[in-house]
Amino acid sequence: MGLRKKGSILGLLGVFLLDGLLLSVAYNVHNYTFILKETNFTRLCFTKPMLTVNASFPGPTIQVNKGDKAFINVQNNGKYGVTIHWHGVKQPLNPWSDGPENITQCPIQPGKNFTYEVIFSDEEGTLWWHAHSDWSRATVHGPIVILPQQRGKGYPFPKPYAEQTLVLASWFNTDVKELIDDAMAIGGDPAVSDAFTINGWPGALYNCSNETIYRLQVVHGKTYLLRLVNAIMNEEMFFAIAGHNFTVVAQDGAYIKPIPTRYIMITPGQTMDILLTANQTPSYYYIAARPFFDSGAPFDNTTTTAILQYTNATAPANISLPTLPIQTDHASADNFTSKIKALANNDHPISVPKNVTKHVLITVSVNQLPCELTNGTCGGPNGNRISASLNNISFATPTTDILQAYYRSLPDVFDSDFPNQPPLFFNFSGVNSSTYLLPEVGTKVLLIEYGASVELVYQGTNVGNPENHPMHLHGYSFYVVGSAYGNWNATTSPATYNLNDPPLVNTIGVPKNGWTAIRFVANNPGVWFMHCHLERHASWGMDTVIVVKNGPSKGTRIQRPPSNLPICA
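Residues numbered from 1 in each chain as written. Predicted model: local features only at pLDDT ≥ 70, side-chain atom pairs only at ≥ 80, totals over all residues. Heavy atoms only, no water.

### Description of helix 2 (residues 330-337)
Turning to helix 2, its buried residues number three or more, namely S332, A333 and F336. Down the axis of helix 2, the smallest arc covering the buried residues is 100 degrees, so these residues share one side. Summarising the contacts, the buried residues of helix 2 are in contact with strand 14 (236-241), strand 15 (246-251), strand 16 (254-261), strand 17 (263-266), strand 18 (271-277) and strand 19 (284-292). Regarding helix 2, its N-cap is D329, as a side-chain oxygen of that residue lies 3.3 Å from the backbone nitrogen of A331 further along. (Buried < 20%, exposed > 50% of the residue type's maximum accessible area, 1.4 Å probe, protein only. Helix = DSSP H or I, 4+ residues; strand = E, 2+ residues; numbered from the N terminus. Arc of directions from axis to C-beta. Contact = heavy atoms within 4.5 Å. Polar contact = N/O pair within 3.5 Å; in protein donor to acceptor, adjacent residues only side chain to side chain.)

### Points about the sheet that holds strand 13 (residues 223-230)
Across the sheet, 6 strands lie side by side as 11-10-13-18-15-16; this open sheet has mixed pairing. Looking at strand neighbours, the two that pair on one side only are strand 11 (195-198) and strand 16, the edges of this open sheet. Each strand of the sheet is rotated relative to its neighbour by a mean of 20 degrees, with strand direction disregarded. One ladder, built from 5 bridges, connects strand 15 with strand 16; its direction is antiparallel. In the strand pairing of strand 16, A250 is matched with Y255. (Pairing = 2+ DSSP bridges. Axes fitted to C-alpha atoms, helices over the stretch in contact; angles between N-to-C directions.)

### Overview of the confidence of the model for the protein chain
Averaged over all residues, the pLDDT of the protein chain is 93; the fraction at 70 or higher stands at 95%. Residue range residues 1-24 is modelled with pLDDT below 50. Its contacts to residues more than four positions away, or to other chains, number 67 contacts. (pLDDT = per-residue confidence, 0-100.)

### Focus on the environment of S483
With respect to the element layout, S483 can be found in strand 30 (residues 478-485). In this structure, the C-alpha to C-alpha distance between S483 and A138, residues 345 residues apart in sequence, is 29 Å. Aside from chain neighbours lying at most four places away, what touches S483 is P511, W515 and T516. Within polar-contact distance, the side chain of S483 engages the backbone oxygen of W515 at 3.0 Å. Within the structure, the side chain of S483 is placed 3.0 Å from the side chain of T516, a separation counted as a polar contact.

### Describing the packing of aromatic side chains
Scanning all chains against the criterion turns up 21 aromatic pairs. Centre to centre, the rings of W135 and F172 are 6.0 Å apart; their planes meet at 55 degrees, and the pair counts as tilted. Taken as a pair, W135 in the loop between strand 8 (125-131) and strand 9 (141-147) and F172 in the loop between strand 10 (162-171) and helix 1 (176-186) lie far apart in primary sequence, 37 residues in all. Across the pair, exposure class does not vary: W135 and F172 are buried alike. Judged by centre distance (5.7 Å) and plane angle (80 degrees), the rings of Y161 and Y224 are edge-to-face. In this pair, Y161 sits in the loop between strand 9 and strand 10 while Y224 sits in strand 13, placing the two residues 63 residues apart along the sequence. Residue classification places Y224 among the buried positions, given a relative accessible area of 6%. Here the aromatic residues F34, W86, F114, Y116 and W129 are joined through ring pairs into a cluster of three or more. (Phe/Tyr/Trp six-rings, centres within 6.5 Å; stacked < 30°, edge-to-face > 60°.)

Following this line, the structure appears as structure tokens:
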């Protein structure tokens, strides 16, 4: 577990901004120590050393109240440089502690340490933290629990009997750094995971199923708050509990209108809060998760399980499995996601931008680079190298972090001409055509003026291998105002928008051959990464950076950098 010392500091009375958001209560300061080191783990009868925090998989839980602050000292005793990202935490005015490698900081080198200042603002519910260097997040991740303010109104539902985090993750029998390094060397798809896990354990349906299985103990008649994190590397997941319905009450650290359901679909990077009442015959019931996958790309087609175990119950001869939708069931995935609406009441109001001043249309594609242009070995489709893109630009990660370059006006690190629309308009969701495969490779950022009301439309394309793309924006939560299959249309699509109670999230799935429109106010100046949360696509360049310029006053400008920022090797 993380080492934590919590102190009450009566600070920052009435001076948190975020464009109208005012957090005028005292906050607590929490301190954690994260030790990164190689630790031996055995799963599926394979034993391997893997990078972990505090020798645990998943890693320790960070627990705070809304509006608190945490200092996390990360000591890297591993073999290579690593950074940590606080997924969904907005970090107002403080991009220095956001974490993506060579975007806001250089990696923490072996033998070095760095203390992150994690500033919580209006988030409430469940988020998570993870490594943001190569594929190290496969084993370096853990939950963030943000409780209501200590003197606030509490949950917008009856207080549960108990709470439990459930982390879905990927297990690889091989070393994940070697796996992605090998794939990057040839420009091909990396090997798929060997299993999924729930709180670190694959469950009963794999080889070596006599291994430990995670058990969630419940008391009959009691209601539990389950905090679910999808830390899986490359697959969206269906999740269910045999014999039980439940109610989803929050997503990505914001409350939603309650959704009674028997299953959910959750994308990599998302979190959901679930109320489960233990109201069935006391027994053992399987908790299970398996992929929702709609692409021709390789994927892990297995099912992970845990056990919901009633106290004093006798194990049945056969534990029942939930009925999960099949892996390609679009209708079931859409049926669930279409129900997600913001709670939007007096205690939890929303503020959707109505007058857009900055509109950006971004195509999301899985392109290829011809081998003759790469001067390397090519093991991707058609003998080429995979080179995914946003607006036909495949992101090249620089060797100097972009935040330092922007803050100090360093030349030749990035270009500030990421386009507001794709370079070529065609039938994006139509017939696949190799005509549109070749991307430009570059380090381009999108500049946005402070205070702009932004609408950003992600448009999936049929270029290469189309599929769902979970997109994540650092430094912000955003309103998902619309989504549909086909091509976004500037005239007809906005008429379908939900501007009354759209969900406020930080990660959203862009449907295969479809589009998703989001809105936010650019009120958090800084350098913020925007990328696909399928790691195999992010590795191939499905990323960009949004730079929100400083505002006119001290309270709207990036804070000064810490003195102990890691140095680029």
